[in-house]
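Chain and residue survey
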Amino acid sequence: MNFNEILTIVNELANITICFSMILFIIFVFGRLNSKMNQIPIFERTLVKLGLILICCGSLYNFLICKETDIFQTIMNLGIALVFSWGAYFHFKYFIKKNKKK
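Residues numbered from 1 in each chain as written. Predicted model: local features only at pLDDT ≥ 70, side-chain atom pairs only at ≥ 80, totals over all residues. Heavy atoms only, no water.

1. Some points on unusual backbone geometry
Basically, it comes down to this: Working definition: helices are DSSP H or I runs of at least four residues, strands are E runs of at least two. Numbering for both runs from the N terminus. Exposure categories follow from relative accessible area, calculated using a 1.4 Å probe and restricted to protein chains: below 20% of the type maximum is buried, above 50% is exposed, and the middle band is partly exposed.
Although it is not a glycine, Cys66 sits at a positive phi angle of roughly 50°. Here Cys66 lies in the loop between α2 (42–65) and α3 (71–101). Since its relative accessible area comes to 44%, Cys66 is described here as partly exposed.

2. Describing the packing of aromatic side chains
Quick reminder of the rule: Each Phe, Tyr or Trp ring, with Trp reduced to its six-membered ring, pairs with another whose centre is within 6.5 Å; inter-plane angles below 30 degrees give stacked pairs, above 60 give edge-to-face pairs, and intermediate values give tilted ones.
For the structure on display, the rule yields 5 aromatic pairs. Plain terms: the ring middles of Phe25 and Phe84 are 5.4 Å apart, the flat faces sit at 80° to each other, and that makes the pair edge-to-face. Residue Phe25 is located in helix α1 (residues 3–30), and its partner Phe84 is located in helix α3; the two are separated by 59 residues in the primary sequence. Neither residue differs from the other here; Phe25 and Phe84 are each classed as buried. Both rings, one in Phe90 and one in Tyr94, keep their centres 4.9 Å apart while their planes meet at 45°; by these two values the pair is tilted. Separated by 4 residues within a single helix, Phe90 and Tyr94 lie in helix α3, roughly one turn from each other. Clustering of aromatic rings is evident, with ring pairs tying together Trp86, Phe90, Tyr94 and Phe95.

3. So, the packing of α1 against α2
Going by this rule: Axis geometry follows a simple rule: fit a line to the C-alpha atoms, using only the stretch in contact for helices, then measure angles between N-to-C directions, giving values from 0 to 180 degrees. Roughly parallel means an angle under 35 degrees; roughly antiparallel, over 145; roughly perpendicular, 65 to 115; everything else is oblique. Each crossing gets its handedness from the near helix: less than a right angle anticlockwise from the far helix is left-handed, clockwise is right-handed. The contact criterion used throughout is that any non-hydrogen atoms of two residues lie within 4.5 Å.
Relative orientation of the contacting elements α1 and α2 amounts to 155°, with a least axis distance of 8 Å. As the angle between them shows, α1 and α2 are arranged roughly antiparallel. Relative to α2, α1 is oriented so that their crossing is left-handed. Across from Glu12, Asn15, Ile16, Ile18, Cys19, Met22, Ile23, Phe25, Ile26 and Phe30 in α1, the residues of α2 making contact are Arg45, Val48, Lys49, Leu52, Ile53, Ile55, Cys56, Ser59, Leu60, Asn62 and Phe63.

Printed below as a string of structure tokens:
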């Protein structure tokens, strides 16, 4: 296996991680009735949702077409995957799980 094949596999894993973590993030942030996001104006809320959905759909599309990428795209996708995985975990731990205890 050469470097480009490994890079493609890593990029594929990053893309599917972005997609799933974004889905969880969207559910955890917008899926609660007592979410602070429900208190901001609908226009702002819609823009945030649209941006998150576009990232999610773009990463799913990149995963499905499985094209060879360069190292910079892979590094950026790994960073996005890590940030939104952490974001989904953070919202679950401090908002979802915490509310279940109450």
